[in-house]
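Here's the letter readout for the chains.
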Number of protein chains: 4
Amino acid sequence: MISFESDYTTGAHPEILRKLTETNMEMMSGYGSDRYCISAREKIRAACGSQEADVQFLTGGTQTNALVISMMLKDYEGVIAAQTGHINVHEAGAIENTGHKVMTLPQHNGRIDPEELETYVRDYYQDETYEHMVFPGMVYISHPTEYGTLYRRAELEKLSEICSRYNMKLYMDGARLGYGLASLQTDVTLQDITRLCDVFYIGGTKVGALCGEAVVFTRNNTPDHFLNLIKRRGALLAKGRLLGVQFDTLFTDDLYFKISRHAVDKAEELKQIFRDKGYEFFLESPTNQQFVIIGNNKMEKLKEKVAFGFWEKYDGEHTVVRFATSWSTTDQDMEYLRSVL
Amino acid sequence: MISFESDYTTGAHPEILRKLTETNMEMMSGYGSDRYCISAREKIRAACGSQEADVQFLTGGTQTNALVISMMLKDYEGVIAAQTGHINVHEAGAIENTGHKVMTLPQHNGRIDPEELETYVRDYYQDETYEHMVFPGMVYISHPTEYGTLYRRAELEKLSEICSRYNMKLYMDGARLGYGLASLQTDVTLQDITRLCDVFYIGGTKVGALCGEAVVFTRNNTPDHFLNLIKRRGALLAKGRLLGVQFDTLFTDDLYFKISRHAVDKAEELKQIFRDKGYEFFLESPTNQQFVIIGNNKMEKLKEKVAFGFWEKYDGEHTVVRFATSWSTTDQDMEYLRSVL
Amino acid sequence: MISFESDYTTGAHPEILRKLTETNMEMMSGYGSDRYCISAREKIRAACGSQEADVQFLTGGTQTNALVISMMLKDYEGVIAAQTGHINVHEAGAIENTGHKVMTLPQHNGRIDPEELETYVRDYYQDETYEHMVFPGMVYISHPTEYGTLYRRAELEKLSEICSRYNMKLYMDGARLGYGLASLQTDVTLQDITRLCDVFYIGGTKVGALCGEAVVFTRNNTPDHFLNLIKRRGALLAKGRLLGVQFDTLFTDDLYFKISRHAVDKAEELKQIFRDKGYEFFLESPTNQQFVIIGNNKMEKLKEKVAFGFWEKYDGEHTVVRFATSWSTTDQDMEYLRSVL
Amino acid sequence: MISFESDYTTGAHPEILRKLTETNMEMMSGYGSDRYCISAREKIRAACGSQEADVQFLTGGTQTNALVISMMLKDYEGVIAAQTGHINVHEAGAIENTGHKVMTLPQHNGRIDPEELETYVRDYYQDETYEHMVFPGMVYISHPTEYGTLYRRAELEKLSEICSRYNMKLYMDGARLGYGLASLQTDVTLQDITRLCDVFYIGGTKVGALCGEAVVFTRNNTPDHFLNLIKRRGALLAKGRLLGVQFDTLFTDDLYFKISRHAVDKAEELKQIFRDKGYEFFLESPTNQQFVIIGNNKMEKLKEKVAFGFWEKYDGEHTVVRFATSWSTTDQDMEYLRSVL
């Protein structure tokens, strides 16, 4: 069955497997010190356009969020996120498991509003009892958000400025960063993100890798003894090459961006197919995740022919469902989808 | 340069890469629910010879130790290990990071002595202040140990009986389990381990996989909501197929055992080479890790030609070094080693 | 200066100090095993009207909340609280520090609405991704709430029934429980609470003790090795008598209830004084905390003469302030307040 | 029955109770900001002879150890202690519960040997795999030790110098510090300790208070937002006056030192009584805890007449028992003891 359920239903981009196979018999040192990790770090730093950008590799998104957030926060601090932020909803309490609170702000199509952020933090410090409360130490944003939406550069600049003024870190969850960068409607570049965030990650798992996320500490601010800290949290791979080779491949010849652009192009085609068939969208998403409103009866029939994700109830008779494209989405997938809608 | 530094200097067994490539375009559900994870579980259960054996996949050894130990212990319990146990020395405090104490017993070539274990636990419960101390809730053993040595079946039976009597879990760290099972000098089978331990893991990373460990809960005693618990600890892979395909391959046509036997055979050859050259061993290891006593001057010259691991000082003029073989050790490696010793 | 800032601005009820002095030279065993702890447990159990009620003593409210909640939750569970719940706002993230998430529901004058609770939990289990989210394992309510309000017995019965049906614990934070039981407008008794909650605590610190809270596990459900668990968390007093003597005194001759009634009576007088002077209340509180709306200019002048608590902005020109009575509030305090309003 | 079981079998020194009663009706602000906390801090700072000494109050010894150690360590660090250190044996794993490892050195009558410490740390940094191990970030010593013994000033200076050189904190557990300072055989003063340690605590619970320990951060190095940090760990008392009044009393007119000297004097008398009766000591203790070797039969008879502590087996026919004196030990207690030995 054809699946649009997510962007991680197939394996890795073939070029990654080819490179893993090609380098397989090379003897390399472990724990992220091999030549491919080193090369990948240099290529990513170049793509970020900053010599102050440290690059570290981890295995998955929740692991990355929990590690980065807990490393960057002081003991008395928590992290602010949108109500719909992945860390607040779908990570099984991984942040709280590190001892830190997630404080929530309203979501606007998945985004935080800079004004509401500023009000929250200003009110916090004006409260006479603030020493008994959790200090806001970081702002977590996802880009694209859980709804596939994007921040404008001006919004990121405003968030960055507020964070700087109130001594908070700005952290971007880029599980699907490629699709954000490749969007036809964005004005945000990887260099912008590097300039505006204290730390962010470039998602691999959902953008063509078997596994792996590249964390960028943008101000040479990798926590001391990072290797020890991730070992202590069970996140250090003995064969670090698995991550090094993958990211080295993704950042050679712009593969990461080409993969992402392909998925975005397919998403635009998919949108048109739904529009042609008279469907409405729950919101306007400029990336690879599309949220469609569908009648419940139609939904039941459709799911016998194609796989997709259930998102939330729309009203008594309709549901919001998610269709995701990826590097591996084909023209045939599109034609098939059109034929079954 | 030829390396005997560890058993994880090359990539994966070629058959694993072949299978990853072959299945790459299959659409599969995520988080360990795909057909290869299911198949691998069944094959491992069959190899363990028990329908009560639950099989779960994790990414690395320290992650596995920290997760399994913290899930199986009650809040007031700690884990007993040999002084040289990996969890006590080389995991950056990953167990303590989960809130639990590692209590140590003397090591005997890496092993715990059952008599000493029994004395420790009996004394604990006879102490009038035991409610103020950490309860012994689990015994951790590695097999092979950090020195490459093995427990005899009779020792495991004694340890298991003591654990059962004092209400402790018996947990085996099998990071290199294959090399233990394939040893020419062992009387311990995978079925024995399944019968005697409450939980153990079958190491993949150091036995031919890119990454991955298969945890066996031997009495249908997987902790409730295991998926949630590992997600919360950042250990759940979105593309669970990465582990499923690898273990399915390792447990097809006895590949895991063939790989392990190959490494053990090469280790026997390596031992003979060192003996022929007049070297002495720090201890007698029946598996793929060999600990050789070498003069410091000789060591300095040798390490320009071949890579190996430094273990500990022997005396002012000699050092104990480690040579490890693996699935990828070749006849040429052996000849080269002989030529440079 | 006269202070209505809180119910913990004076020391202990004189009878408590008298009893501490009287018993001072008695030699007693430590850690809560002394005769006064034993006697206090029996008296509290009798007051609760249940032989299944286990009683344990701790030092303060946040300590109690963090310990009880973390002991009663499974690793994959979090606790549900009102947005204004003390654990969500004013405990510096003490619950999250134990690794557990606080999930919030809207507050209605400090209370949770049973219907909204049921909807939340039902939706949780209907969500296809619930295994990736934090399980609701407990419902936290404060009684009186942070706004001095109370639940009706019928509401507690409904909450208890929902908890039971969805396998959640019901926990009541009784930091000011005495004032709730002594309210003129309540239909909830200590026996009701014992019957309906899985665990609750009877606050001492804010009801006349120097320190101390009595936790009641209502179904003989004290966690195993409780002493070890609280020692491990730094909450075990060597001189447990400090808590035993205090609670034994509070539960002799109904002192706890007399103290509480006195404060409630004074609060009723205080309400009348404010009403006589033309003030309006932010909400109707039937216990010892009163929330008054006051003009900002008036507030500035008043605080030079009497101490009170600032709660929240009402509008641009008014503020909500808190006046609290206690066991030590006197007629003179009342007269003085009337004279300065 | 007369008890020498510990130094916390009676209540508080009467002067403390008198002062608590005298100040009981004073209205004071909470959470450690009251006038008695402020006064006590100043008196202790003066006694320490350093304007750089910050003083903070906590409730008990295990709480203090866990809080101070976890606040002062970085995430990748653990604490070094003697094998017999209280944190390693009798605190139910409270340190590990904060996520940090306790690394042990051999004990010499309860003490750490500076040479062995230096060897440990030097070897650590020479190990090629040290990034995979727990960094030594602090040295924990108890003074008096768990065996009542004391460090010499020269030893403390050596320990301090090693800590400084290897970037470790030196922390002294002073649960019974008064008895150490009042010993007839010590050359260590409170000023020495202030000069040589990064942080230490002056025990109250075991030296005449109902509860309470005064932590001294000797280099104005109180962790940022200390109040928030201890609130988050459930260690902040609403009625902070309980600790303030007690320590203010203990440090007025040298009461702390007088109490301690009294107990030491009684311990010297007690020693003489045992010697007169022909007993031998397990070791020479210059403080208020005495460890006597006693025949098992004699022990059984004696414990019907007087309470004492069981320490450890000496040989098949003898046991080591502990007799402790305190501020409340009387001449009559001495005479009685002589009569029953």
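These numbers come from a predicted model, not from an experiment. Every chain's residues receive numbers from 1 upward, in the order its sequence appears when written. Each chain is given a letter, starting from A, and each ligand a number, starting from 1, according to the order in which they appear as written. Per-residue local features of the predicted model are confined to residues with pLDDT of at least 70, and side-chain atom pairs are confined, for both listing and counting, to 80 or more; whole-chain, interface and lining totals are unaffected and use all residues. As a rule here, side-chain values cover all heavy atoms of the structure and leave hydrogens and water aside.

### Side note on the overall build of chain A
Thought 1: Segments assigned H or I by DSSP are reported as helices when at least four residues long, segments assigned E as strands when at least two residues long, and all are numbered from the N terminus. Scanning chain A from N- to C-terminus turns up 14 helices and 13 strands.
Thought 2: Its C-alpha radius of gyration of 20 Å places chain A within 12% of the 20 Å reference for a compact globule of 341 residues.
Thought 3: Expressed as lengths along the three principal axes of its C-alpha atoms, the size of chain A is roughly 60 × 55 × 35 Å.
Thought 4: When each of the 341 residues of chain A is scored for burial, the buried share is 65%.
Thought 5: Contacts between residues were defined by any pair of non-hydrogen atoms, one from each residue, lying within 4.5 Å. Here the analysis covers contacts within chain A between residues at least 6 apart in sequence; of these, 71% occur between residues at least 24 apart.
Thought 6: For chain A, the computed accessible surface area is about 11,800 Å², with 46% contributed by carbon and sulfur atoms. Between the two quantities, the radius of gyration covers C-alpha atoms and the globule rule is 2.2 Å times the number of residues to the power 0.38. Note on exposure labels: buried denotes an accessible area under 20% of the residue type's maximum, exposed denotes more than 50%, and partly exposed covers the range between, all computed with a 1.4 Å probe on protein chains only. Under the convention used here, a 1.4 Å probe and the Shrake-Rupley method define accessible areas, while residue burial counts only the protein chains that appear.

### Some details on the sheet that holds strand E10 (residues 289–295) of chain A
Residue and element names in this part refer to chain A.
Thought 1: Here the rule is simple: two strands pair whenever DSSP picks up at least two bridges between them. Pairing within the open sheet is antiparallel, and its 4 strands lie in the order E9-E10-E13-E12. Two strands close off the open sheet at either side, each with one partner strand: strand E9 (280–281) and strand E12 (309–315).
Thought 2: Two strands pair when backbone bridges link them, and E10 and strand E13 (residues 318–324) are joined in this way by 7 bridges, in the antiparallel orientation. Of the residues in E13, the one forming a bridge with Val292 is Val321.

### Here's the deal with the relation of the copies chain A and chain D
Thought 1: Superposition of the copies was done by least squares, using only C-alpha atoms of residues whose pLDDT is at least 70 in both. Once chain A is rotated about the relating axis by 180 degrees and shifted along it by 0.0 Å, it coincides with chain D to within an RMSD of 0.0 Å. Both chain copies can therefore be described as sitting about a two-fold axis.
Thought 2: When the interface residues of chain A are mapped onto chain D, 100% of them are again interface residues, pointing to one common binding face.

### Re the relation of the copies chain B and chain A
Thought 1: Mapping chain B onto chain A calls for a rotation angle of 180 degrees and an axial translation of 0.0 Å; the resulting RMSD is 0.0 Å.
Thought 2: Counting the interface residues of chain B, we find that 100% of their copies in chain A are interface residues as well, pointing to one common contact surface.

### Digging into the packing of helix H2 (residues 35–48) of chain A against helix H11 (residues 241–250) of chain A
Each pair of packed helices gets described by two things: the angle between the helix axes and the distance between those axes.
Residues and elements named next belong to chain A.
Thought 1: Structural elements are reduced to axes, namely lines fitted to C-alpha atoms, with helices fitted over the stretch in contact, and the angle between N-to-C directions of any two is expressed from 0 to 180 degrees. Where H2 contacts H11, the axes come no closer than 7 Å and their chain directions differ by 35 degrees. Taken as a pair, H2 and H11 cross one another with a handedness that is left-handed. Together, Tyr36, Cys37, Ser39, Ala40, Lys43 and Ile44 of H2 and Gly244, Val245, Phe247 and Asp248 of H11 make up the contact between the two elements.
Thought 2: When its residues are assigned to classes, the contact of H2 with H11 shows 6 nonpolar, 2 polar and 2 charged. Note on convention: near helix rotated counterclockwise from far helix by under a right angle means a left-handed crossing. Clockwise means right-handed. In this classification, the charged set is Asp, Glu, Lys and Arg, the nonpolar set is Ala, Val, Leu, Ile, Met, Phe, Trp, Tyr, Cys and Pro, and all remaining amino acids, among them Gly, are polar.

### Topic: the interface of chain B and chain A
Thought 1: In this assembly, 45 residues from chain B lie in contact with 45 residues from chain A.
Thought 2: Overall, the association of chain B and chain A removes approximately 3,900 Å² of surface from exposure, summing both partners, and the carbon and sulfur fraction of that is 60%.
Thought 3: When a carboxyl oxygen of Asp or Glu lies within 4 Å of a side-chain nitrogen of Lys or Arg, that pair is called a salt bridge. Our count for the chain B to chain A interface comes out at 0 salt bridges.
Thought 4: Here a polar contact is recorded for every N or O atom pair within 3.5 Å, except that within protein the pair must consist of a potential hydrogen donor and a potential acceptor, and residues adjacent in sequence are included only if both atoms are side-chain atoms. Summed over the shared surface of chain B and chain A, the result is 23 residue pairs in polar contact (both at pLDDT 80 or more).
Thought 5: Those elements that place two or more of their residues in the side of chain B that touches chain A are strand E1 (2–3), helix H1 (14–22), helix H3 (61–72), helix H5 (94–97), helix H10 (226–232) and helix H11 (241–250) of chain B. Buried area: the accessible surface (1.4 Å probe) lost by two parts on joining, summed over both.

### Considering the interface of chain A and chain D
The figure often quoted for interface size is the accessible area lost as the parts come together.
Thought 1: Tallying the contact residues gives 17 residues for chain A and 17 residues for chain D.
Thought 2: Across the interface of chain A and chain D, roughly 1,700 Å² is buried in total on both sides, 51% from carbon and sulfur atoms.
Thought 3: On the chain A side of the contact with chain D, Tyr76(A), His132(A) and His225(A) bury the most area, a combined 35% of that side's loss.
Thought 4: Counting across the interface, chain A meets chain D through 0 salt bridges.

### Topic: the sheet that holds strand E6 (residues 169–173) of chain D
All names here are of chain D.
Thought 1: Spatially, 7 strands are ordered E2-E8-E7-E6-E5-E3-E4 in an open sheet, and the strand pairing comes out mixed. On the outer flanks of this sheet lie strand E2 (54–58) and strand E4 (102–105), each paired with one strand and no other. The sheet shows a mean angle of 25 degrees between the axes of neighbouring strands, taken without regard to direction.
Thought 2: Bridge analysis of E2 against strand E8 (residues 213–217) gives 5 bridges, and the strand direction is antiparallel. Bridging from a neighbouring strand, Val55 pairs with Val216 of E8.
Thought 3: Against the sheet, helix H3 (residues 61–72) makes contact with E2, strand E3 (77–82), strand E5 (135–142), E6, strand E7 (199–203) and E8, and its axis sits at roughly 175 degrees relative to E6, the strand it touches most.

### Brief notes about the pairing of strand E6 (residues 169–173) of chain B
In regular strands, side chains alternate between the two faces of the sheet.
Residues and elements named next belong to chain B.
Thought 1: Across the 5 residues that make up E6, a large majority, 4, are buried.
Thought 2: The handedness rule is simple: strands pointing away from the viewer, and a clockwise path from the first strand over the helix to the second, make the crossover right-handed. Traced from strand E5 (residues 135–142) through helix H7 (residues 153–165) to E6, the parallel crossover comes out right-handed.
Thought 3: In terms of strand pairing, E6 meets strand E7 (residues 199–203) through 2 bridges, oriented parallel. Among the inter-strand pairings, Met172 is bridged to a residue of E7, identified as Phe200.

### Thoughts on the environment of Tyr36(D)
Residue and element names in this part refer to chain D.
Thought 1: With respect to the secondary-structure elements, Tyr36 resides in helix H2 (residues 35–48).
Thought 2: Apart from residues lying up to four places away in sequence, Tyr36 is in contact with Lys19, Thr23, Glu26, Met28, Gly244, Val245 and Asp248.
Thought 3: There is a polar contact of 3.0 Å between the side chain of Tyr36 and the side chain of Glu26.

### A few points about the pairing of strand E3 (residues 77–82) of chain A
Residues and elements named next belong to chain A.
Thought 1: Burial of E3 is extensive: 6 of the 6 residues sit out of reach of the surface.
Thought 2: In the sheet, E3 pairs with strand E5 (residues 135–142) via 4 bridges, with the strands oriented parallel. By the bridge assignment for E5, Val79 is matched with Met138.
Thought 3: Looking at chain direction, E3 and strand E4 (residues 102–105) are connected through 4 bridges and run parallel. Paired with Ile80 across the two strands is Met103, which belongs to E4.

### With respect to the pattern of salt bridges
Thought 1: Taken as a whole, this structure holds 92 salt bridges over all chains when the rule is applied.
Thought 2: A salt bridge links Lys158(B) to Glu118(B); its shortest N-O distance comes to 3.8 Å. With Lys158(B) in helix H7 and Glu118(B) in helix H6 (residues 114–126), this residue pair connects regions lying 40 residues apart in the sequence.
Thought 3: Of the charged contacts, one joins Glu22(C) and Arg18(C) as a salt bridge, the two residues approaching to 2.7 Å between their closest N and O atoms. One end of the pair, Glu22(C), and the other, Arg18(C), are both in helix H1 (residues 14–22), 4 residues apart, so they sit about a helical turn from each other.
Thought 4: Overall, the relative accessible area of 43% leaves Arg18(C) in the partly exposed class.
Thought 5: Residues joined by salt bridges that share partners form a network here, namely Glu15(A), Arg18(A), Lys19(A) and Glu22(A).

### Side note on the packing of aromatic side chains
Thought 1: The rule is short: rings of Phe, Tyr and Trp, with Trp giving its six-membered ring, pair when the centres are within 6.5 Å, and they are stacked under 30 degrees, edge-to-face over 60, tilted in between. Inspection of every chain in the model, using the stated rule, returns 100 aromatic pairs over all chains.
Thought 2: Aromatic side chains Phe274(C) and Phe323(C) sit 4.9 Å apart centroid to centroid with 65 degrees between the ring planes, which places their arrangement in the edge-to-face category. On the criterion of sequence distance, the pair formed by Phe274(C) in helix H12 (residues 255–276) and Phe323(C) in strand E13 (residues 318–324) is long-range, its members being 49 residues apart.
Thought 3: Each member of the aromatic cluster is reached from another via a ring pair, and the members are Phe4(A), Phe274(A), Tyr279(A), Phe281(A), Phe308(A), Phe310(A) and Phe323(A).

Keep in mind these values describe shape, not function.
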